[in-house]
Amino acid sequence: MNAVTMFFRATAAAAVLILAAADFARADHSPATQTEGQFESALVCKECHEDIYRNWRNSLHALSVSNPIFKTAYQRAYTETGGEAKKYCLRCHAPTVALTGEGVTCDFCHAVTKIDLAAKDHVFTVAPGKVKRSGLKNAVSPHHETRYSADFASSKLCAGCHAFVNRHGVQVGNTFAEWQKSPFAREGRQCQSCHMAEVPGKTANEGGRDTMHDHSLAHNLALMSDAVTAQIKKTAKSGKIMGVDVEVANIKAGHAIPTGTPRRKLVVEARSLDAHGNVIETKKAEYRKLIVNAEGEEISSDGDVFLNGARIMQDNRLAPGERRIEKFTFARRLDDVVSVAADVYFLYEPEVIQQIEMRIPFSGAQVNVR
Ligand code: HEC
Ligand code: HEC
Ligand code: HEC
Ligand code: HEC
Ligand code: HEC
């Protein structure tokens, strides 16, 4: 099964976001040192960059402050910290919210002039206003000045937000560091090469070029269907037991799978089947990063991990390029087990909103054992 299927079983109960305008009077939650000008809304850019705007509009960057999972988590964090969370959470989820009310918006990224990964809370230097920067050369615009910047084709631009250590010093997520250690980094393949591919579309309505960089962050089918594979390498019968070796491999992700926030899992599932294809037994293995609170208890929401994660208990995720043998055993009565099947899928069950589950199947395998 290679198709991407997402089950959004039901929309979440309404969550009231504490985003009163007064909260944002101070722009002290920006991840950046700001040097000039004011941020503009994406709606301004939309006038001329319609294709890119439409592409971005439904992305998790555009929704990073308004999606129900974040809103619920943020609301809890906000209450728990007496408002402190707004500084902490919004610097990545909505760096310009004070001025634009938006999530990770156009004018934030395109105003970045300098990136200093050692500068923890102020990784980016931004100069919003008259000059817009990107990887294009010789761009001419009636609305703003343009400037080429090599940073736009570099993973460094993503690292400022896709690497996070919380206030207890726990590395909640670090996609950037995982990538740095991967074979892709050595080959010079940046985040953008997989997540912002060139696609048909105008860079600008008038005077633009005919291909643009994908801003949708869509789970790219071509990219992901065989990103992770499960293959049955060996089956062995011994008396009343059937042993099955499944090889799970992270082939195409430029970082661990799963990456990012720890509430995501990769599930390897093996099943024994009878002659009619009915499942006799199911066994599972889960790969994840498990973070606990100060009391050693598992934390059940992403927002809580950002805030209260105190220790990494376990991290058995698949590293980029890694192949791992997972051993399963099944009971068998004489010849009842006719075949075994194995699948691997990505599972995200955000606990704050129990109705929503996202499941993405990767490729699997089935073999006869009779
Ligand atoms: C009145 C039209 C107009 C508006 C409004 C506008 N742009 Fe542009 N922009 C253009 C055109 C035309 C180009 C050139 C495209 C090309 O050369 O392919 C361009 C180029 C760019 C580039 C490439 C710069 C480079 O040198 O690499 C960026 C980045 C950019 N715009 C961002 C923005 C952002 C962000 C906004 C909103 C805050 C915005 N633009 C608003 C017309 C506009
Ligand atoms: C200003 C901070 C910021 C920057 C810079 C940034 N991101 Fe993000 N990104 C986020 C946030 C916050 C989310 C999560 C939004 C949510 O789910 O609420 C996100 C989500 C994503 C996702 C979707 C994850 C998923 O679960 O499907 C991808 C892919 C992604 N970013 C890639 C990139 C890449 C590639 C770059 C660099 C070109 C980049 N990001 C730069 C903050 C940022
Ligand atoms: C060689 C290709 C490749 C590179 C390079 C790469 N990724 Fe990915 N990334 C993937 C694949 C494949 C997936 C899994 C399928 C999907 O979710 O689209 C993924 C998933 C993600 C997700 C979603 C995680 C989730 O569990 O939902 C984020 C966030 C992300 N990548 C960020 C980054 C960042 C940041 C970089 C650079 C530091 C990067 N990626 C580099 C291929 C790549
Ligand atoms: C997370 C940061 C980020 C956000 C948010 C973002 N961009 Fe970009 N944008 C990039 C990167 C990175 C590139 C260049 C990719 C490359 O060269 O590999 C780019 C390229 C561009 C270009 C040059 C043409 C092209 O496709 O290469 C334009 C114009 C542009 N973006 C406009 C916009 C507009 C308009 C929005 C909002 C609707 C937006 N961007 C939101 C990071 C971002
Ligand atoms: C250093 C940047 C950073 C900070 C600080 C940060 N986040 Fe995030 N957050 C991200 C990124 C990037 C993602 C999504 C991509 C991923 O999985 O890596 C994300 C994802 C999430 C998600 C999952 C959303 C979804 O759509 O699945 C929740 C919930 C969340 N963050 C809540 C919070 C809360 C609450 C805070 C403050 C207590 C916070 N975050 C602070 C960068 C950050």
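1. Overview of the overall build of the chain
So, point 1. Helix and strand counts for the chain stand at 12 helices and 19 strands.
So, point 2. The buried share among the 370 residues of the chain stands at 34%.
So, point 3. Within the chain, residue pairs in contact and separated by at least 24 positions form 66% of the contacts whose partners lie at least 6 positions apart.

2. Re the site of ligand 4
So, point 1. Neighbouring residues of ligand 4: 24 residues in total, closest C45, C106, C109, G135 and M212.
So, point 2. Looking at the shell around ligand 4, the elements that each hand over two or more residues are α1 (42-46), α2 (50-57), α6 (106-109) and β9 (211-213).
So, point 3. With three residues, the top contributor of residues to the shell around ligand 4 is α2.
So, point 4. Among the residues making up the shell around ligand 4, the classes are represented as 14 nonpolar, 10 polar and no charged.

3. Quick look at the pairing of strand β11 (residues 241-250)
So, point 1. Here β11 shows a buried face lined by M242, V244, V246, V248 and N250 and an unburied face lined by I241, G243, D245, E247 and A249.
So, point 2. Taken together, the 10 bridges between strand β10 (residues 228-238) and β11 define a ladder with antiparallel strand orientation. Residue pairing for β11: A236 is matched across the bridge by G243.

4. What to know about the sheet that holds β10
So, point 1. The strand order across the open sheet formed by three strands is β10-β11-β16, and the pairing between neighbours is antiparallel. Edge positions in the sheet fall to β10 and β16 (323-331), since each of these pairs with one other strand and no more. Strand-to-strand twist of the sheet, defined as the mean angle between neighbouring strand axes without regard to direction, takes the value 20°.
So, point 2. Taken together, the nine bridges between β11 and β16 define a ladder with antiparallel strand orientation. Residue pairing across strands places V244 opposite F328, the latter belonging to β16.

5. Things to note about unusual backbone geometry
So, point 1. Cis peptide bonds are those with omega within 30 degrees of zero, and the linkage from I257 to P258 qualifies with -10°.
So, point 2. As for its placement among the helices and strands, P258 is situated in the loop between β11 and β12 (264-273).
So, point 3. Even without being a glycine, L217 presents a positive backbone phi close to 55°.
So, point 4. Mapped onto the fold, L217 is located in the loop between β9 and α11 (221-224).

6. Considerations on the environment of V104
So, point 1. Considering the arrangement of structural elements, one finds V104 in the loop between α5 (97-100) and α6.
So, point 2. Taking the C-beta count within 10 Å as the criterion, V104 has 21 such neighbours and is therefore assigned buried.
So, point 3. For V104 and A62, which are 42 residues apart along the polypeptide, the C-alpha to C-alpha distance reads 5.7 Å.

7. As for the environment of Y345
So, point 1. Relative to the elements of secondary structure, Y345 occurs in strand β17 (residues 339-348).
So, point 2. For the pair Y345 and E286, spaced 59 residues apart in the sequence, the C-alpha separation amounts to 9.9 Å.

8. As for helix α3 (residues 68-80)
In an α-helix, one turn spans 3.6 residues, which is why side chains three or four residues apart end up on the same side.
So, point 1. Taking 1.5 Å of rise per residue, the 13 residues of α3 would be expected to cover 18 Å, and the 18 Å separating its terminal C-alpha atoms lies within 8% of that figure.
So, point 2. Buried within α3 we find I69, F70, K71, T72, A73, Y74, A77 and Y78.
So, point 3. Count one or two residues on from α3 and you reach G82, which has phi positive near 55°.

9. Concerning the packing of α3 against helix α4 (residues 85-93)
So, point 1. Between α3 and α4, whose axes approach to 9 Å, the crossing angle comes to 155°. Judged by the angle between their axes, α3 and α4 are roughly antiparallel. Judged by the twist between their axes, the crossing of α3 over α4 is right-handed. Note on element contacts: α4 touches α3 through A85, K86, C89 and H93, opposite F70, Y74, A77 and Y78.
So, point 2. Of the residues belonging to the contact of α3 with α4, the class tally is six nonpolar, one polar and one charged.

10. Remarks on the environment of A270
So, point 1. Structurally, the position occupied by A270 is in strand β12.
So, point 2. Taking the C-beta count within 10 Å as the criterion, A270 has 26 such neighbours and is therefore assigned buried.
So, point 3. Residues A270 and Q366, 96 residues apart in the sequence, show an inter-C-alpha distance of 9.3 Å.
So, point 4. Once residues lying within four places of it in the same chain are set aside, the contact partners of A270 are V244, V246, K283, F328, V340 and A342.

11. Things to note about α2
So, point 1. Burial in α2 covers these residues: I52, N55 and W56. Down the axis of α2, the buried set is contained in an arc of 95°. They therefore lie on one face.
So, point 2. Tucked inside the fold, the buried residues of α2 contact β9.

12. Let's talk about the nonpolar core
So, point 1. Core analysis: the largest hydrophobic core is formed by 26 residues, its most contacted members being V228, V244, V246, V248, L266, A342 and V344.
So, point 2. Elements with a contribution of two residues or more to this core: β10, β11, β12, β16 and β17.
So, point 3. Residue contributions to this core peak at five residues, all from β17.
So, point 4. For V246, the residues in contact, after removing those within four places along its chain, are A230, Q231, I232, K233, V268, A270, E326, F328 and A342.
So, point 5. The next biggest cluster of nonpolar side chains, apart from the first, holds 19 residues, and it includes I69, Y78, V97 and V172.

Calculation criteria
- Residues numbered from 1 in each chain as written.
- Chains lettered and ligands numbered in written order.
- Predicted model: local features only at pLDDT ≥ 70, side-chain atom pairs only at ≥ 80, totals over all residues.
- Helix = DSSP H or I, 4+ residues; strand = E, 2+ residues; numbered from the N terminus.
- Buried ≥ 20, exposed ≤ 12 C-beta atoms within 10 Å, placed from the backbone.
- Contact = placed C-beta atoms within 7 Å.
- Near = placed C-beta within 6 Å.
- Nonpolar A, V, L, I, M, F, W, Y, C, P; charged D, E, K, R; others polar.
- Pairing = 2+ DSSP bridges.
- Axes fitted to C-alpha atoms, helices over the stretch in contact; angles between N-to-C directions.
- Expected span 1.5 Å × (residues − 1).
- Parallel < 35°, antiparallel > 145°, perpendicular 65-115°, else oblique.
- Left-handed = near helix turned anticlockwise from the far one by under 90°.
- Arc of directions from axis to C-beta.
- Core = buried A, V, L, I, M, F, W, Y, C linked by C-beta atoms within 7 Å.

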